[in-house]
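# Summary of the model geometry
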Amino acid sequence: MKLIGLTGGIGSGKSTVAALCRERGWRIVDADAIAREVVQPGQPALSELAAAFGKDILLADGQLNRKELARRAFADKQHTELLNSITHPRIQEETQRQFAAARGDGCDFAVYDMPLLVDNGLDKDMDCVIVVDVTPEERVRRLITSRGLEEDDARRRIAAQVPDEVRLAAATHVIDNNGTLDQLRERTIEVMDRIAAESPKV
Ligand code: ADP
């Protein structure tokens, strides 16, 4: 099975590319979805978080109050490390489980959709790395118009991620998404074709 890292800065169009890969029948392992799953009610990480940060991080219905957790966990480095020590092992375990399930199901291609792939040094574990590339200014525009973010918030989120040139340096395939959605579709199909051609079935 070929393991394909898919990444790009926030607002670059990564989710749109992942949807096209899914349409082609490639297995998607969605890092954001996994991060949400491991803190669902009933999961051990959620009770550990409540023990570490206080019951106020839970809503009345038992769901995680993300805002309150963020306020407490990002107050200082020590608390951030505590948060990571609880969630990271669970996230890692579930990610590996999904890669193994894809192999078990006989998938030829699995796409690891991970915004922080390069930030976290995980690009080294991939067979190839697709980076969706858009200028920061255009990303700010799309985050405001399509996602309803405030401009300051969009800029802050972009600045918190690894610089574009560092992400691009890790790419084996770059998809330029400064154009239209139709162009994004065409370019994604081209890259998928190339990756499939690089991996002849034995
Ligand atoms: P990411 O997952 O990388 O944060 P998304 O795929 O959610 O980014 O795209 C961010 C927003 O920009 C979405 O609302 C998406 O529909 C829109 N978008 C993506 N590509 C284009 C494009 N080429 N032209 C216009 N809007 C786009």
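Along each chain, the written sequence defines residue order, and numbers are assigned to residues from 1. Where totals are concerned, whole chains, interfaces and linings use all residues; where local detail is concerned, this predicted model gives features only for residues with pLDDT of at least 70, and gives and counts side-chain atom pairs only at 80 or more. The basis for the side-chain values is all heavy atoms of the structure; hydrogens and waters are excluded.

## Details of empty space enclosed by the protein
Leftover empty space is mapped by rolling, across the atoms, a probe with the size of a water molecule. Cavity: a set of points on a 1 Å grid over the protein atoms alone where a 1.4 Å probe fits but cannot get out. Pocket: an open set with protein on both sides within 12 Å along at least five of seven lines, its lining residues, like those of a cavity, having an atom within 4 Å of a point. Grid points are joined across faces, edges and corners, and a volume is the space filled by probe spheres set on the points. As enumerated under the stated definition, the model contains one cavity of 30 Å³ or more in all. In this structure, the largest cavity occupies an estimated 40 Å³ of space. Residue lining of the largest cavity: Gly9, Ser12, Val131, Val132, Asp133, Val134, Arg139, Asp164, Arg167 and Leu168, and that is the complete set. Where helices and strands are cited, they refer to DSSP runs of H or I of at least four residues and of E of at least two residues respectively, numbered from the N terminus. Secondary-structure elements contributing two or more residues to the lining of the largest cavity are β4 (128-133) and α8 (164-169).

## A look at the layout of surface pockets
Taken as a whole, the largest pocket spans an internal volume of roughly 2000 Å³. Forming the boundary of the largest pocket are 47 residues, of which Ala31, Asp32, Ala35, Pro115 and Leu116 lie nearest the centre. Elements supplying a minimum of two residues to the lining of the largest pocket: β1 (2-8), α1 (14-23), α2 (31-37), α4 (66-73), α5 (77-104), α6 (136-145) and α7 (151-159). With nine residues, the top contributor of residues to the lining of the largest pocket is α5. Amino acids are sorted into nonpolar (Ala, Val, Leu, Ile, Met, Phe, Trp, Tyr, Cys and Pro), charged (Asp, Glu, Lys and Arg) and polar (every other residue, Gly among them). Residue composition of the lining of the largest pocket, by class: 21 nonpolar, 16 polar and ten charged.

## What about the site of the ligand?
Nearness is defined per residue: one heavy atom within 4 Å of the molecule or strand is enough. The full set close to the ligand counts 15 residues, and Gly11, Ser15, Thr16, Arg147 and Asn177 are the nearest of them. Here a polar contact means two N or O atoms within 3.5 Å. Within protein one must be a hydrogen donor candidate and the other an acceptor candidate, and residues neighboring in sequence count only if both atoms are side-chain atoms. Contact between the ligand and serine 15: an oxygen atom at 2.4 Å from a side-chain N or O atom of the residue. Between arginine 142 and the ligand, the recorded distance is 3.5 Å, taken from a side-chain N or O atom to a nitrogen atom. A 1.4 Å probe and the Shrake-Rupley method give the accessible areas. Residues count as covered only by the protein chains that appear here. Relative to its unbound accessible surface of 560 Å², the ligand loses 80% to contact with the protein. Broken down by element, the residue count for the shell around the ligand peaks at three residues, all from α1. The residue inventory of the shell around the ligand, partitioned by class, reads two nonpolar, ten polar and three charged.

## Notes on the packing of α6 against α7
Packed helix pairs are specified by the crossing angle of their axes together with the interaxial distance, meaning the distance between the axes. Viewed as axis vectors pointing N to C, α6 and α7 meet at an angle of 135°, and their least axial separation amounts to 9 Å. Considered as vectors, α6 and α7 are oriented oblique to each other. The way α6 lies across α7 gives a crossing that is right-handed. Side by side, α6 and α7 meet where Pro136, Glu137, Arg139, Val140, Leu143 and Ile144 of the first sit next to Glu151, Ala154, Arg155 and Ile158 of the second. Residue classes in the contact of α6 with α7 are distributed as six nonpolar, no polar and four charged. Orientation is described by axes fitted as lines to C-alpha atoms, over the contacting stretch for helices, and by angles from 0 to 180 degrees between their N-to-C directions. Angle categories are assigned with fixed cut-offs, so that under 35 degrees is roughly parallel, over 145 is roughly antiparallel, 65 to 115 is roughly perpendicular, and the rest are oblique. Here a crossing is called left-handed whenever its near helix is offset anticlockwise from the far helix by less than a right angle, and right-handed whenever the offset is clockwise. Residues are treated as being in contact if the distance between any of their heavy atoms lies within 4.5 Å.

## With respect to the pairing of strand β5 (residues 173-176)
Residue exposure (1.4 Å probe, protein chains only): buried if accessible area is under 20% of the type maximum, exposed if over 50%, otherwise partly exposed. What you see with β5 is a clean split: His173 and Ile175 sit on the buried side and Val174 and Asp176 on the side with no burial. When DSSP finds two or more bridges between two strands, those strands count as paired. Bridging between β4 and β5 involves four bridges; their strand directions are parallel. Bridge pairing in β5 places aspartate 133 opposite aspartate 176.

## Quick notes on the sheet that holds β5
If you walk across this open sheet you meet the five strands as β2-β3-β1-β4-β5, and the pairing is parallel. Of all strands in the sheet, those bounded by a partner on one side alone are β2 (27-30) and β5. If you compare each strand with its neighbour and ignore which way they point, the axes differ by 25° on average. In this sheet, strand β3 (residues 109-113) lies alongside β2 in parallel orientation, the contact comprising four bridges. Note that in β3 the partner of aspartate 30 across the bridge is aspartate 113. Together, β1, β2, β3, β4 and β5 form the strand contacts of α1, whose direction differs from that of β1 by roughly 155°.

## Some points on the environment of valine 162
With respect to the helices, strands and loops of the structure, valine 162 is situated in the loop between α7 and α8. Separated by 44 residues in sequence, valine 162 and valine 118 have C-alpha atoms that sit 7.5 Å apart.

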